[in-house]
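# Descriptive analysis of the structure
As a plain string of letters, each chain reads:
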Amino acid sequence: MTAVLHPAPPQRPAPTAHRAEPSPSWFRTRRTGLALTILLAATAVLYLWNLTASGYANTFYAAAAQAGSQNWKAWVFGSLDTSNFITVDKPPASLWVMGLSGRIFGFSSASLLVPQALMGVGSVALVYAAVKRVATPAAGLVAGAVLAATPAAALMFKFDNPDTLLVLLMTLAGYFVIRAMCTAVGRRAAMWVALAGVALGFAFLTKMLQGLMVLPAFGAAYLIAGQVRLRTRLFHLVIGTASVVISAGWWVLAVWLWPADSRPYIGGSTNNSVMDLVLGYNGLGRLFGNTGGGMSGGSSGMAGGSAGSSFGGSAGLDRLFGSEMGIQISWLIPAALIALVFGLLTRGRAPRTDLLRASLILWGGWFLVTGLIFSYMSGTIHPYYTVALAPAVAGMIGVGGYALWLVRARWIGRCGLAAMMLAAGIWSWVLLHRNAEWLPMLKWILLAGTVVGAILVLVEAKGRFRKLAVAGLIIGSLAGITGSASYAIATAATAHGGSIPTAGPTGAVSDSGMGGGGGMGGGQGQGDGEALPNSDDASSNPTASGPGTTSGPGTSSGSESTSELTAMLVNAGTTWSAATNGSQSAATYELASDTAVMAIGGWSSDPAPTLDQFIEYVADGEVHYYIASGQGGSPKDGQGGESTSSAIQEWVEANFTSTTVGNSTIYDLSGYVG
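Conventions and cut-offs
- Residues numbered from 1 in each chain as written.
- Predicted model: local features only at pLDDT ≥ 70, side-chain atom pairs only at ≥ 80, totals over all residues.
- Heavy atoms only, no water.
- Helix = DSSP H or I, 4+ residues; strand = E, 2+ residues; numbered from the N terminus.
- Buried < 20%, exposed > 50% of the residue type's maximum accessible area, 1.4 Å probe, protein only.
- Contact = heavy atoms within 4.5 Å.
- Core = buried A, V, L, I, M, F, W, Y, C linked by side-chain atoms within 4.5 Å.
- pLDDT = per-residue confidence, 0-100.
- Salt bridge = Lys/Arg side-chain N within 4 Å of Asp/Glu carboxyl O.
- Phe/Tyr/Trp six-rings, centres within 6.5 Å; stacked < 30°, edge-to-face > 60°.
- Lys NZ or Arg CZ within 6 Å of the ring centre and 35° of its normal.
- Expected span 1.5 Å × (residues − 1).
- Pairing = 2+ DSSP bridges.
- Axes fitted to C-alpha atoms, helices over the stretch in contact; angles between N-to-C directions.
- Lys, Arg positive; Asp, Glu negative; His and termini not counted.
- Patch = residues over 30% accessible without salt bridge, like charges linked within 9 Å, V, L, I, M, F, W, Y side chains within 5 Å.
- Areas by Shrake-Rupley, 256 points an atom, 1.4 Å probe, with all protein chains shown as cover.
- Parallel < 35°, antiparallel > 145°, perpendicular 65-115°, else oblique.
- Nonpolar A, V, L, I, M, F, W, Y, C, P; charged D, E, K, R; others polar.
- Right-handed = clockwise from strand over helix to strand, strands pointing away.

### Here we look at the overall build of the chain
- Along the backbone of the chain there are 26 helices and five strands.
- Counting over 674 residues, the chain shows a buried share of 60%.
- Residue pairs at least 24 apart in sequence account for 71% of intrachain contacts in the chain once pairs closer than 6 positions are excluded.

This is the structure:
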């Protein structure tokens with residue numbers, strides 16, 4: 001009867017039973033805690049060191065975070081300015097974190113970026129915890145180190161794009177699903193599944209449909225390996241789905257019900273509708289190209305597949321390994337795929353509830369679904385999107401490597417481990433060779449290390465040769481991860497700005513023109529990582545001379561004239577101190593002056609405001625200046641017609657007299673009587 005009431009995991013996998021020895025000794029527990037502390041401390045140092053050298057990083061999101069730190073409505077909607085003219089082109093969850101930080105600690109580069117770095121440390125801790133639960137602390141440490149040493153992670157966890165929070169939430173959801181699969185009590189399992197749904201709901205509120213790419217893998221893993229009966233598992237998945245809908249849908253519903261004339265325009269949409277953003281610009285438009293909102297706007301010609309080709313490489317299975325994306329994420333993908341395949345083979349006869357196999361399904365499904373979408377999507381894709389694959393790669397290596405180590409006495413275990421090492425060493429050699437002038441000997445050292453490690457592991461792992469196999473595992477693993485880690489360190493040591501940052505040392509990305517340091521201008525064809533006049537972080541922002549940047553809005557050859565423009569905006573005294581074309585231009589002026597600037601056309605030629613609306617704003621005295629030649633604001637809107645920004649600029653030029661302040665052409669709109 002006791003066995004019935006308290007079943008002792010015959011359902012738990014053989015590896016769990018293998019390590020379910022008497023309670024670990026006090027010394028072993030302390031040693032594991034020390035190792036984890038070292039890993040997290042090293043990760044924190046990597047991500048926090050010299051963090052403010054990037055200044056405001058992506059000024060587009062920085063301006064929105066600044067607005068949210070000062071105005072609650074701007075915080076709720078993700079508005080670009082405190083007067084709530086238009087939102088950013090993403091839902092606001094990531095801005096909620098940065099906006100609250102700015103409100104509590106005062107808005108600055110540190111309050112903007114420190115939460116991002118801490119979320120990176122949290123993601124590493126979650127990967128460790130998820131892998132440790134089904135394997136061992138050592139396997140968890142390996143997985144955590146792989147995530148921390150991924151160049152795309154070192155880039156994004158020091159940057160203010162939404163991808164940072166997205167990765168944290170998806171990893172948190174994966175951890176909750178693993179907890180559910182480890183639980184034999186129905187109510188507790190349902191709780192964990194529901195929590196996973198909540199995490200994914202907020203991932204949706206971070207980057208919309210990208211946050212739900214992991215759903216198929218998570219659902220399949222729990223459906224296959226959950227410890228409760230099938231009908232209960234299906235019911236739990238219904239609960240999880242409901243949790244996703246509720247935690248994501250409340251904001252969508254609130255925006256939909258809110259009167260349009262008392263909220264900001266929904267940036268990225270064609271009709272001021274959040275559903276157009278969900279299904280178009282941040283949904284099907286990303287997959288298939290020119291669908292909805294700004295997918296065809298912007299002066300850089302980001303239309304349909306051309307955006308994907310110009311920023312992420314040509315579509316196909318090799319996209320993740322190409323010159324644009326390869327150095328961001330692909331260092332350990334070959335090793336991870338080997339770990340996945342061999343790991344699943346070793347668990348072939350394990351019970352249905354085998355946690356190692358279930359974990360491989362979760363991490364492997366995450367990688368395969370997301371990786372295939374990234375490889376073939378025709379819409380806009382940037383290399384840094386690949387950070388969403390980093391936890392999956394780390395989990396596959398940690399769990400798959402442990403599964404192979406368990407059967408190291410058999411050829412399949414030793415061959416799998418050796419193949420992982422050789423794949424990591426060979427592919428690291430290829431990636432390092434693409435930037436042959438950077439540490440030219442490193443690729444040979446790492447290749448030799450993985451070869452030596454593979455040979456030692458192939459030696460019989462019992463008796464007198466067992467220590468050689470352990471030494472080989474350590475040597476090969478260190479050599480295999482060092483290539484990725486070297487680029488992660490180089491990335492962390494470089495200041496980044498702009499809307500399309502790239503990882504690696506300078507010159508690492510050779511074909512796309514997007515150098516690793518400094519980033520590149522965004523979808524509106526501009527660099528936005530320049531020093532900001534009169535901001536607290538002006539001295540630490542990457543300057544226009546940084547690789548991949550161009551002269552940005554609000555900068556000029558003389559700081560005196562730029563300061564003069566900033567002073568004009570500060571003293572404007574109107575709802576919007578100025579209006580200019582494009583969100584990036586407006587964001588730079590906002591950060592410099594700490595005033596609201598109207599971003600005509602938003603990020604990607606949104607139809608806001610119309611000419612009649614703008615004339616009404618001017619007549620009511622709500623806009624003081626118009627700054628011409630703002631970057632962004634395509635002459636064509638998302639539907640192929642004349643954009644509102646072009647019509648507005650023509651009207652301003654016909655009705656007002658221009659003055660020159662530095663390199664900027666300014667029109668004083670005050671006193672207009674119609």
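Moving on, there is more to tell.
### With respect to the nonpolar core
- Counting residues in hydrophobic clusters, the biggest one holds 182 residues, and the most contacted among them are Met 181, Phe 614 and Tyr 626.
- With 13 residues, the top contributor of residues to this core is helix α10 (residues 163–181).
- Setting aside its immediate chain neighbours within four residues, Tyr 626 contacts Ala 579, Asn 581, Ile 600, Phe 614, Ser 645, Ile 648, Gln 649, Val 652, Thr 665, Ile 666, Tyr 667 and Leu 669.

### Structural notes on the confidence of the model for the chain
- For the chain, the mean per-residue pLDDT works out to 85, and 82% of the residues sit at or above 70.
- Note on residues 1–22: pLDDT under 50 across the span, and 33 contacts to partners over four residues away in sequence or across chains.
- Here residues 292–310 is a poorly scored stretch, pLDDT under 50, and it has 64 contacts once near neighbours within four places are set aside; other chains count.

### Comments concerning the pattern of salt bridges
- Per the counting criterion, the structure on display carries three salt bridges.
- Asp 163 is the partner of Lys 207 in a salt bridge, and the nearest nitrogen-oxygen pair spans 3.0 Å. Within this pair, whereas Lys 207 is found in helix α11 (residues 186–207), its partner Asp 163 is found in helix α10, the two being separated by 44 residues in sequence. Judged on exposure class, the residue Lys 207 and its partner Asp 163 are both buried.
- In this structure, the salt-bridge partner of Arg 347 is Asp 354, at a minimum N-O distance of 2.8 Å. As far as the burial class goes, Arg 347 and Asp 354 line up, both buried.

### Overview of the packing of aromatic side chains
- Inspection of the entire model under this criterion finds 26 aromatic pairs.
- Taking 5.3 Å as the distance between ring centres and 75° as the angle between the ring planes, the aromatic pair formed by Trp 429 and Trp 444 counts as edge-to-face. Here Trp 444 lies in helix α21 (residues 442–458) and Trp 429 lies in helix α20 (residues 411–434), a separation of 15 residues in the sequence.
- Under the relative-accessibility criterion, Trp 444 is labelled partly exposed at 45%.
- Among the aromatic side chains, those forming a connected cluster through ring pairs are Phe 614, Tyr 626, Trp 651, Phe 656, Tyr 667 and Tyr 672.
- Geometry around Trp 72 places Arg 103 over its ring, the cationic atom sitting 3.9 Å from the centre.
- Geometry around Tyr 385 places Lys 207 over its ring, the cationic atom sitting 3.9 Å from the centre.

### A few points about helix α17 (residues 333–346)
- End to end, α17 covers 20 Å across 14 residues, agreeing with the expected 20 Å (1.5 Å per residue, within 8%).
- When we look at burial in α17, the residues that qualify are Ile 333, Ala 335, Ala 336, Ile 338, Ala 339, Leu 340, Gly 343 and Thr 346.
- The inward-facing, buried residues of α17 abut α16 (326–329), α18 (355–376), α19 (390–406) and α20.

### Overview of the sheet that holds strand β2 (residues 597–600)
- Strands sit in the order β2-β1-β3-β5-β4 across an open sheet of five strands; the sheet is mixed. Only two strands of the sheet have a single partner each, and these edge strands are β2 and β4 (658–661). Strand-to-strand twist of the sheet, defined as the mean angle between neighbouring strand axes without regard to direction, takes the value 30°.
- As paired strands, strand β1 (residues 576–581) and strand β3 (residues 623–627) are joined by four bridges and run parallel to one another. Along β3, the bridge assignment pairs Trp 576 with Val 623.
- Seen against the sheet, helix α26 (residues 644–655) touches β1, β2, β3 and β5 (664–668) and runs at an angle of roughly 105° to β3.

### Section: the side chain of Asp 606
- When you line up the elements, Asp 606 lands in the loop between β2 and α25 (611–619).
- One buried charged residue, Asp 606, remains without a salt bridge, the closest side chain of opposite sign being Arg 286 at 10 Å.
- Discounting residues that sit within four places of it in the chain, Asp 606 has contacts with Ile 86, Tyr 265, Gly 267, Gly 268, Ser 269, Gly 601 and Thr 644.

### Structural notes on a nonpolar patch on the surface
- Taken together, the side chains of Trp 72, Leu 100, Ile 104 and Phe 105 make up a nonpolar region of the molecular surface, amounting to roughly 480 Å² of accessible area.
- With three residues, the single largest contributor to the nonpolar patch is helix α6 (residues 93–105).
- Within the secondary structure, Phe 105 is located in helix α6.

### Considering the packing of α6 against α11
- Viewed as axis vectors pointing N to C, α6 and α11 meet at an angle of 85°, and their least axial separation amounts to 6 Å. Taken together, α6 and α11 sit at an angle that is classed as roughly perpendicular. Across the interface between the two elements, Ala 93, Ser 94 and Trp 96 of α6 pack against Phe 202, Leu 205 and Thr 206 of α11.
- For the contact of α6 with α11, the class distribution of residues is four nonpolar, two polar and no charged.

### Describing unusual backbone geometry
- The amide bond that connects Ala 608 to the next residue, Pro 609, takes the cis arrangement and shows omega of -10°.
- Its place among the elements puts Pro 609 in the loop between β2 and α25.
- In this structure, Asn 50 is a non-glycine residue whose phi angle is positive, near 55°.
- If you trace the backbone, Asn 50 turns up in the loop between α3 (26–48) and α4 (59–70).

### Observations concerning the pairing of β2
- The alternating pattern of β2 places Val 597 and Ala 599 and Met 598 and Ile 600 on opposite faces, both of which are buried.
- For the crossover from β1 across helix α24 (residues 583–593) to β2, the handedness is right-handed.

### A word on the environment of Ala 490
- Relative to the helices and strands, Ala 490 is located in helix α22 (residues 466–492).
- Classification of Ala 490 by relative accessible area gives buried; the value is 11%.
- Residues Ala 490 and Pro 151, 339 residues apart in the sequence, show an inter-C-alpha distance of 8.5 Å.
- Apart from the residues within four sequence positions on either side, Ala 490 is in contact with Trp 438, Gly 504 and Pro 505.

### Here's the deal with the packing of α10 against helix α12 (residues 215–225)
- Viewed as axis vectors pointing N to C, α10 and α12 meet at an angle of 5°, and their least axial separation amounts to 10 Å. In terms of their interaxial angle, α10 and α12 are classed as roughly parallel. Counting all contacts with α10, which are made through Met 170, Ala 173, Gly 174, Val 177, Ala 180 and Met 181, the residues of α12 involved are Phe 218, Ala 221, Tyr 222 and Ala 225.
- Its residues assigned to classes, the contact of α10 with α12 shows nine nonpolar, one polar and no charged.

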